[in-house]
Amino acid sequence: MHIRVIGIVLAAFVFFAAPFNAISANAQDSFVFTAIPDQDETRLRTRFEKVARYLSETLEIDVQYVPVKSYAAAVTAFRNDQVQLAWFGGLSGVQARRAVEGSEALAQGAEDQEFVTYFIAHASTGLTESPDFPKSIAGKTFTFGSKGSTSGRLMPEFHVRNHFGKSPDDVFSRVGFSGDHSRTIALVQSGAFEVGAVNFAVWENELRDGRIDPEKVRIIWRTPTYPDYQWSIRGDVNRKFGPEFVERVRTALLAIDDPELLKAFPRSRFIPATNEDYTPILRVGKDIGLID
Amino acid sequence: MSAAARLYRRSPLARTLFSFFTVALVFLIFADLEIATVDPWDEFGRLLTGIVTPDFFATENLISALVNTLAFAFLGVAFGVGFGFLLALGFHSRAVRTFCVVVRAVHELFWALIFLQLFGLSPLTGILAIGIPYAGIVAKVFAEILEEADGRAVDAAPSGASRLSTLLFVRLPDVWSHFRTYALYRLECGLRSSAVLGFVGLPTLGFHLETAFRQGRYSEVSALLILFYVIIASQRLWARRQLVPVYLIGAALVLPWATHISGANITRFLTIDIVPFPLRNGDGISGLIDWLWLLISTQALPGSIATIQLTMIALVATGFLSALMFPFISPQMFGRPVRGISHFALVVIRSTPEYILAFVFLQLWGPSMLPAIVALALHNGAIIGHLIGRHTETLALRADAPTGLNRYAYELLPRVYRNLLALLFYRWEVIMRETAILGILGIATLGFYVDSAFAELRFDRAIFLIALTAVLNIAIDVTSRRVRAYLRLRTTLEGR
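Remember, predicted model here, so these are calculated numbers, not experimental data.

Novice: Which residues make up the overall build of chain A, and what values do they have?
Specialist: The number of helices and strands found in chain A is 12 helices and 11 strands. Taking all 292 residues of chain A together, 61% fall into the buried category. In chain A, of all internal contacts separated by at least 6 residues, the share reaching a separation of at least 24 is 78%. Just so you have it, chain A exposes about 11,700 Å², and 52% of that area is on carbon and sulfur atoms.

Novice: Lay out the interface of chain B and chain A in plain terms, naming residues and giving numbers.
Specialist: Each side of the interface is counted separately: chain B has 68 residues, and chain A has 57 residues. With both chains or domains summed, chain B and chain A bury close to 5,100 Å², and 51% of this area falls on carbon and sulfur atoms. The largest per-residue losses of area from chain B upon contact with chain A belong to Glu-60, Arg-214 and Arg-458 of chain B, which jointly make up 13% of the total buried on that side. The interface formed by chain B and chain A includes seven salt bridges. Where Asp-451 of chain B meets Lys-147 of chain A, a salt bridge forms, and the shortest distance between an N and an O atom there is 2.7 Å. Here chain B and chain A share 20 residue pairs in polar contact (both at pLDDT 80 or more) between them.

Novice: Lay out unusual backbone geometry in plain terms, naming residues and giving numbers.
Specialist: In this chain, Phe-265 of chain A is followed by Pro-266 of chain A through a cis amide linkage whose omega measures -25°. Note that Pro-266 of chain A resides in the loop between α11 (259-262) and β11 (270-272). In this model, Glu-244 of chain A sits at a positive phi of 65°, which is unusual for a non-glycine residue. Here Glu-244 of chain A lies in the loop between α9 (237-241) and α10 (245-254). By relative accessible area, Glu-244 of chain A is classed as exposed at 53%. For Arg-488 of chain B, which is not a glycine, the phi torsion comes out positive at approximately 55°. Relative to the elements of secondary structure, Arg-488 of chain B occurs in the segment after α22 (459-487).

Novice: Got a sec to walk through the environment of Asp-292 of chain A? Specific residues and values, please.
Specialist: Locating Asp-292 of chain A in the fold gives a position in the segment after α12 (279-287). Classification of Asp-292 of chain A by relative accessible area gives partly exposed; the value is 39%. Apart from the residues within four sequence positions on either side, Asp-292 of chain A is in contact with Arg-98 and Lys-286 of chain A together with Phe-277 and Arg-458 of chain B. A polar contact of 3.1 Å, which involves the side chain of Asp-292 of chain A, links it to the side chain of Arg-458 of chain B.

Novice: So what's going on with the side chain of Asp-273 of chain B? Which residues, and what values?
Specialist: Residue position: Asp-273 of chain B is located in helix α14 (residues 263-273). Leaving out residues up to four positions away in the same chain, Asp-273 of chain B has contacts with Arg-79 of chain A together with Arg-268, Arg-280, Phe-459 and Asp-460 of chain B.

Novice: Run through the domain arrangement of chain A, naming residues and quoting values.
Specialist: Residue and element names in this part refer to chain A. The domains assigned to chain A are domain 1 (2-112 + 228-287) and domain 2 (116-222). Every contact between the two is made by 15 residues of domain 1 and, on the other side, 14 residues of domain 2. Roughly 1,200 Å² is buried in total at the junction of domain 1 and domain 2, and carbon and sulfur atoms are behind 61% of that figure. Viewed at the interface, domain 2 and domain 1 are joined by zero salt bridges. For the pair domain 1 and domain 2, the number of links is three residue pairs in polar contact (both at pLDDT 80 or more). Put simply, the parts of the chain that give the side of domain 1 that touches domain 2 at least two residues each are α4 (90-99) and α12. Considering every element that reaches the side of domain 1 that touches domain 2, the biggest residue donor is α12, with four residues. Classifying every residue of the side of domain 1 that touches domain 2 gives six nonpolar, four polar and five charged.

Novice: Describe the sheet that holds strand β2 (residues 63-65) of chain A, listing the residues and the values that go with them.
Specialist: Residue and element names in this part refer to chain A. If you walk across this open sheet you meet the six strands as β2-β1-β3-β10-β4-β11, and the pairing is mixed. Looking at strand neighbours, the two that pair on one side only are β2 and β11, the edges of this open sheet. Averaged over all neighbouring strand pairs, the angle between strand axes comes to 25°, with direction disregarded. Two strands pair when backbone bridges link them, and strand β4 (residues 104-109) and β11 are joined in this way by three bridges, in the antiparallel orientation. Residue pairing for β11: Gln-108 is matched across the bridge by Ile-271. Along the sheet face, helix α2 (residues 44-59) touches β1 (31-35), β2 and β3 (85-88) and points at about 165° away from the line of β2. Packed on one face of the sheet, α10 meets β1, β3, β4, β10 (230-233) and β11 and runs near 5° to β4.

Conventions adopted
Residues numbered from 1 in each chain as written. Chains lettered and ligands numbered in written order. Predicted model: local features only at pLDDT ≥ 70, side-chain atom pairs only at ≥ 80, totals over all residues. Heavy atoms only, no water. Helix = DSSP H or I, 4+ residues; strand = E, 2+ residues; numbered from the N terminus. Buried < 20%, exposed > 50% of the residue type's maximum accessible area, 1.4 Å probe, protein only. Contact = heavy atoms within 4.5 Å. Areas by Shrake-Rupley, 256 points an atom, 1.4 Å probe, with all protein chains shown as cover. Buried area = accessible area lost by both parts, 1.4 Å probe. Salt bridge = Lys/Arg side-chain N within 4 Å of Asp/Glu carboxyl O. Polar contact = N/O pair within 3.5 Å; in protein donor to acceptor, adjacent residues only side chain to side chain. Domains from an automatic or database assignment. Nonpolar A, V, L, I, M, F, W, Y, C, P; charged D, E, K, R; others polar. Pairing = 2+ DSSP bridges. Axes fitted to C-alpha atoms, helices over the stretch in contact; angles between N-to-C directions.

Quick look at the structure:
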């Protein structure tokens with residue numbers, strides 16, 4: 001008897017849940033975008049679904065957001081046409097646009113023209129901030145962020161190779177990849193790694209939120225600036241969504257002024273970007289062997 | 001001649017175990033076990049606070065993640081059991097056996113990473129990532145069950161009976177209950193696999209669990225883990241034969257099938273992406289040799305060594321831990337209260353994915369091989385400890401048997417020793433496969449390099465390295481089978 005009851009309850013539950021999933025699924029002809037998961041992912045979906053709603057209203061088509069787990073997953077989804085627009089990092093954007101002919105960088109955050117990576121160290125190392133590259137980090141333990149990150153991997157690895165003439169594995173006693181910037185800060189703060197490289201925007205954010213103990217972890221060097229995050233779009237969207245679609249999306253992105261929406265990135269506003277803006281990133285990527 | 005030397009000469013068991021100890025010990029001497037953290041207590045304090053203050057409302061789309069976890073598990077296991085059953089019928093063919101060995105030698109996570117390239121975030125990715133390796137495992141176990149079945153029933157069947165009717169009316173009824181038990185056990189594994197697939201992006205509990213863990217939101221972690229334990233622990237209540245069709249249809253309905261699958265992507269992945277870069281680029285054979293040499297010397301070789309090293313140390317540690325754990329749930333050793341608490345502890349430890357255990361220890365001790373060894377040994381030790389503890393329930397001791405430590409050392413351990421070893425050798429291959437997932441956490445096993453290759457979108461390297469993990473796994477599988485045959489060790493159904 002009670003088995004039948006359980007069955008009915010479960011069946012009801014399943015049928016009740018089905019429409020929710022169907023809604024969240026991206027229908028074939030909607031315009032879909034994603035964003036690399038690089039920092040605070042609390043309510044990530046809620047935040048980006050607001051952006052989807054804004055784009056949907058402005059472009060007057062159905063716009064969906066799909067969450068992804070890694071930088072590589074974002075690039076793959078873009079390449080496989082499962083998303084047509086993405087908020088990429090510098091490196092992932094270059095990788096994605098190389099994989100899809102005719103794709104374009106549309107817009108970047110105002111902060112992204114002059115992005116910076118901070119090298120941070122645990123207080124026990126005795127290292128303090130200096131304007132010159134801190135050569136004394138050799139032999140210490142070191143953590144990057146995600147393997148595919150521009151600010152957490154590409155640029156810091158470039159500077160390490162540049163100043164030591166050796167790969168990070170040969171410079172440091174141990175090299176790790178924390179996965180994301182918040183984690184890098186936590187790992188250096190706990191002393192699990194002595195030194196780390198972190199996206200400056202995330203550092204400033206966490207500092208403001210009181211999640212950083214200045215007694216335990218501090219900045220020891222700031223890299224020269226480089227271009228980073230950007231919106232990229234596939235080249236074939238004009239064919240699918242009508243002429244001038246690329247330009248309409250660009251205009252829509254540049255027009256975002258609602259602080260609620262900008263907080264999802266977090267950026268103060270968006271400015272136009274081109275593929276050429278990212279040539280330095282491509283060069284560095286080839287230089288350190290991350291791009292063939 | 002000393003007693004130990006005599007034992008060593010006479011007993012194949014002692015000789016084998018001695019060589020395993022030696023190998024593990026040598027690896028242990030060279031292992032990186034440094035405890036690097038300076039201030040782990042802040043973060044650990046936050047973790048403990050989080051664990052005792054679960055927050056069930058922190059996760060967005062929680063219901064959908066729960067439903068997806070169940071749905072992927074149902075469909076994946078159904079596919080695995082169904083396909084595995086068909087394969088089991090053809091198990092006499094070498095081609096089928098080889099196919100099964102190869103598909104089960106690759107970890108679910110790697111299957112998922114490959115299928116993600118082919119089908120994107122379509123439900124097919126999750127179902128096949130669970131179903132394909134499970135089919136290989138199920139086929140092997142089902143074939144063994146059929147083989148071990150009582151042959152007299154088949155002999156007694158009328159001589160004119162067709163092969164199909166013999167199968168349906170004579171062989172199957174005999175083994176049906178074993179099949180059912182095993183399928184149910186697979187469902188438990190499937191739930192764990194389904195959750196873990198979230199780590200690479202499928203919309204299951206693991207998706208949120210990994211994020212929450214990485215971001216240090218421990219109250220959310222605690223809530224997600226509790227939900228996960230509840231699902232696994234309550235399995236006996238809801239996993240009923242009559243409800244299977246409801247679950248399967250329900251699962252097929254809730255998954256978001258609308259995702260677009262493109263034939264062109266599949267073709268491109270199979271014919272271009274996984275072809276070694278120098279060949280695609282027209283660098284010819286010499287380019288290919290350079291590519292291979294670089295890949296082998298910088299990734300494949302160090303990765304393989306670390307994988308074998310971790311596997312061997314974890315195997316021996318698992319043996320010790322399971323021997324330590326089982327008495328705590330044995331009615332021969334302890335009363336109800338202790339056993340109750342120990343049962344609970346073992347269920348929690350073995351249901352917790354190794355990834356989570358390793359993550360916690362990584363936080364405490366910093367990055368070295370130590371967190372990985374302890375995580376693997378605890379998880380597998382709890383599984384074997386549970387099975388052996390259960391096994392002691394069937395043992396009858398003499399009324400005047402010694403008590404306490406003497407009972408453990410002279411009565412219990414000798415009786416279960418061979419079972420314990422059989423299970424341990426059976427899990428050898430499992431332990432190696434699980435080192436893959438720890439690679440994703442940054443411990444430099446082959447899994448680490450596979451993860452890097454996917455992160456760099458170098459699928460040619462990824463496939464080469466995954467193939468290497470499969471070769472290592474098959475080597476361990478074969479060795480383990482030889483060792484078990486040599487020592488005449490047999491396992492019960494549940495241990496497989």
